[in-house]
Amino acid sequence: MSVSTAALEPSVCAPLPVLGQDVTVPLVTGGEVTYAALDYAASAPALQRVWDDVAAYAPYYGSVHRGAGYLSQLSTDLFENSRRTVAEFLGCRADDQVVFTRSTTDSLNLLAAAIPANCQVFVYETEHHASLLPWRDAQVTYLNAPRTPGQAVETLERALADRDPYGPALVCVTGASNVTGELWPVRELAAAAHAHGARIVLDAAQFAPHHPVDIAELDVDWVAFSGHKLYAPFGSGVLAGRADWLQAAEPYLAGGGASRKVARRADGGVDVDWHTTAARHEAGSPNVIGVYSIASACKALTEAGFDNLVAREQELVSRVREGLAEVPEVQVLSLFGDDAPRVGVISFVVRGWNSSHFAAALSAEYGIGVRDGLFCAHPLVRTLLGSDPQDPGECGAPEAEPGERSLNAIRVSFGAGTPDEHIDRFLRAVTELVREGAQWKYRTEDGRCVPDRGEAAQV
């Protein structure tokens, strides 16, 4: 395989240290190799800085908001300071609220529970299921996949202008696709939404880890994202934005922390005075460590120079796209075309290969972790593959034998912690697998393509 000149040029900055960067994994062909984690779009490895911050805090762990002891007061300060750090990272407006949740999915379900009665929701079929599915109690209009950013704006404008009756409306859109990595015209979509009296929520799960987010500059009403994609551990997320709908809605969960005052009535019932702050939707004991880890990640990305991290990632994107273009059997999936700006998320299929077989070979023979399937964005992947909506296919591997055509794709994704060597190894592996075939035999087991421990392939 030829190596592009970009691979020989120094990067604008070094990759950030992440957990697991020295982990070795066994190869089915013998020996071990350092694991190449190229599945950032599912969950990015935690930054070493985040882990160190959490470890330093752990001995001082305590309950928050109502404890009189020193550790409780310290933890409360940490929790609320983390809220301010996240607000600053997102460029929140003075009256915006930052609500801590479990994930992007949780954030968007919270917002779905808070929208006004008779609110109409507009969402593109290209969305990840976290933003496609929460609106079960609303009148939902699903918009067809646009093929240009301009078409995305035009489609939304027509849909909003034609809505009947005219009332509260919400647009939900991704900032960066979890399938193609392409950036969406968020600012233009926000302007279109507001021009037609609608609000807009930005699913920034794939956007925030790869690109600075500024709520005020983008003029969106809410932003949702997950900690585990922003180089923090699992179990924490954020919904940030306008407070009025959140204050007017019933608490997302009923319980301690969300309630300000509870009293028995003379008739035996209970009267509850709910908080109007972010606490209204944060009932129960909060995930203090998860919240702190998000704030730590926000600080780490800011202090490292987010613009430099973005520039380095764009170098990696160019190298991957150039390398894949040298293999005619590889088809990269795209909505907006080759010139569309994108983050480090690239999906593709390989002619003559079952995608799950290819992903399994990357792992077993090269120690490279990618993802295969429909990436919990079924309508989008079906559209990109030109398949019938009723064709079989699931989030994971299908029940197809190695070599059979499958309705799924392969996704490689990377970011601030990705070493150059992982990209070089991936491109070499793709070329060798296409040119020479797998060195091992594979079979389907419990819906996954796995190495057959019996014998190597005859190559």
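Residues numbered from 1 in each chain as written. Predicted model: local features only at pLDDT ≥ 70, side-chain atom pairs only at ≥ 80, totals over all residues. Heavy atoms only, no water.

Caption draft 1: Looking closely at the overall build of the protein chain. Along the backbone of the protein chain there are 13 helices and 19 strands. A compact globule built from 459 residues should have a C-alpha radius of gyration of about 23 Å, and the protein chain, at 23 Å, falls within 12% of that. Here the analysis covers contacts within the protein chain between residues at least 6 apart in sequence; of these, 70% occur between residues at least 24 apart. Just so you have it, the protein chain exposes about 19,500 Å², and 50% of that area is on carbon and sulfur atoms. (Helix = DSSP H or I, 4+ residues; strand = E, 2+ residues; numbered from the N terminus. Rg over C-alpha atoms; globule rule 2.2 N^0.38 Å. Contact = heavy atoms within 4.5 Å. Areas by Shrake-Rupley, 256 points an atom, 1.4 Å probe, with all protein chains shown as cover.)

Caption draft 2: The pairing of strand β17 (residues 409-413), seen in detail. Counting buried residues along β17, five of its five residues qualify, which places the element largely inside the surrounding structure. Residues A409, R411 and S413 line one face of β17 and the alternating positions I410 and V412 line the opposite face, and both faces are buried. Across four bridges, strand β14 (residues 345-350) lies against β17 in antiparallel orientation. What sits directly across from S347, in β17, is R411. With three bridges connecting them, strand β16 (residues 371-373) and β17 associate as antiparallel partners. Across the sheet, residue G373 finds its bridge partner in β17, namely A409. (Buried < 20%, exposed > 50% of the residue type's maximum accessible area, 1.4 Å probe, protein only. Pairing = 2+ DSSP bridges.)

Caption draft 3: Region of interest: the pattern of salt bridges. What the rule picks out here adds up to 24 salt bridges. Close ionic contact of E80 with R83 constitutes a salt bridge, the shortest N to O distance being 2.8 Å. Taken together, the residues E80 and R83, both in helix α2 (residues 70-90) and three residues apart, mark about one turn of the helix. Across the salt bridge formed by D420 and R319, the nearest N and O atoms sit 3.6 Å from each other. One end of the pair, D420, is in helix α13 (residues 420-436); the other, R319, is in helix α10 (residues 306-325), with 101 residues separating them in the sequence. Given the relative accessible area of 3%, R319 is considered buried. By sharing partners, the salt bridges in this structure join R312, R319, D420 and D424 into a single network. (Salt bridge = Lys/Arg side-chain N within 4 Å of Asp/Glu carboxyl O.)

Caption draft 4: Quick look at the sheet that holds strand β6 (residues 139-143). Across the sheet, seven strands lie side by side as β4-β10-β9-β8-β7-β5-β6; this open sheet has mixed pairing. At either margin of the open sheet sits one strand with a lone partner, and together these are β4 (97-101) and β6. Neighbouring strand axes in the sheet, compared pairwise and without regard to direction, differ in orientation by 20 degrees on average. In the sheet, β4 pairs with strand β10 (residues 237-241) via five bridges, with the strands oriented antiparallel. Bridge assignment links V98 to a residue of β10, and that residue is A240. Seen against the sheet, α2 touches β4, β9 (222-226) and β10 and runs at an angle of roughly 115 degrees to β4. Sitting on the sheet, helix α3 (residues 104-114) touches β4, β7 (169-174), β8 (199-203), β9 and β10, and the angle it makes with β9 is about 150 degrees. (Axes fitted to C-alpha atoms, helices over the stretch in contact; angles between N-to-C directions.)

Caption draft 5: Examining the packing of aromatic side chains more closely. Evaluated as defined, the whole model comprises 10 aromatic pairs. The interplanar angle of 65 degrees and the centroid separation of 6.1 Å between the aromatic rings of F348 and F426 together place this pair among those described as edge-to-face. Within this pair, whereas F348 is found in strand β14, its partner F426 is found in helix α13, the two being separated by 78 residues in sequence. The buried category is assigned to F426, whose relative accessible area is 0%. Ring pairs connect the aromatic residues F348, W353, F358 and F426, which therefore count as one cluster. Sitting over the face of the ring of Y166, R163 holds its NZ or CZ atom 4.0 Å from the ring centroid. (Phe/Tyr/Trp six-rings, centres within 6.5 Å; stacked < 30°, edge-to-face > 60°. Lys NZ or Arg CZ within 6 Å of the ring centre and 35° of its normal.)

Caption draft 6: Structural view of the environment of R93. Position of R93 relative to the elements: it lies in the loop between α2 and β4. It is 30 Å that separates the C-alpha atoms of R93 and V345, two residues lying 252 residues apart in sequence. Those residues in contact with R93 that lie beyond four places of it in its chain are I215, A216, D219, V220, D221, G241 and R242.

Caption draft 7: Spatial organisation of the packing of α10 against α13. Following both chains from N to C, one finds α10 and α13 inclined at 10 degrees, their axes separated by 10 Å at the closest point. Between α10 and α13, the interaxial angle falls into the category roughly parallel. Between α10, through R312, L316, R319, V320, G323 and L324, and α13, the contact on the second element is made entirely by D420, I423, D424, F426, L427 and V430. Here the contact of α10 with α13 is composed, by residue class, of seven nonpolar, one polar and four charged. (Parallel < 35°, antiparallel > 145°, perpendicular 65-115°, else oblique. Nonpolar A, V, L, I, M, F, W, Y, C, P; charged D, E, K, R; others polar.)

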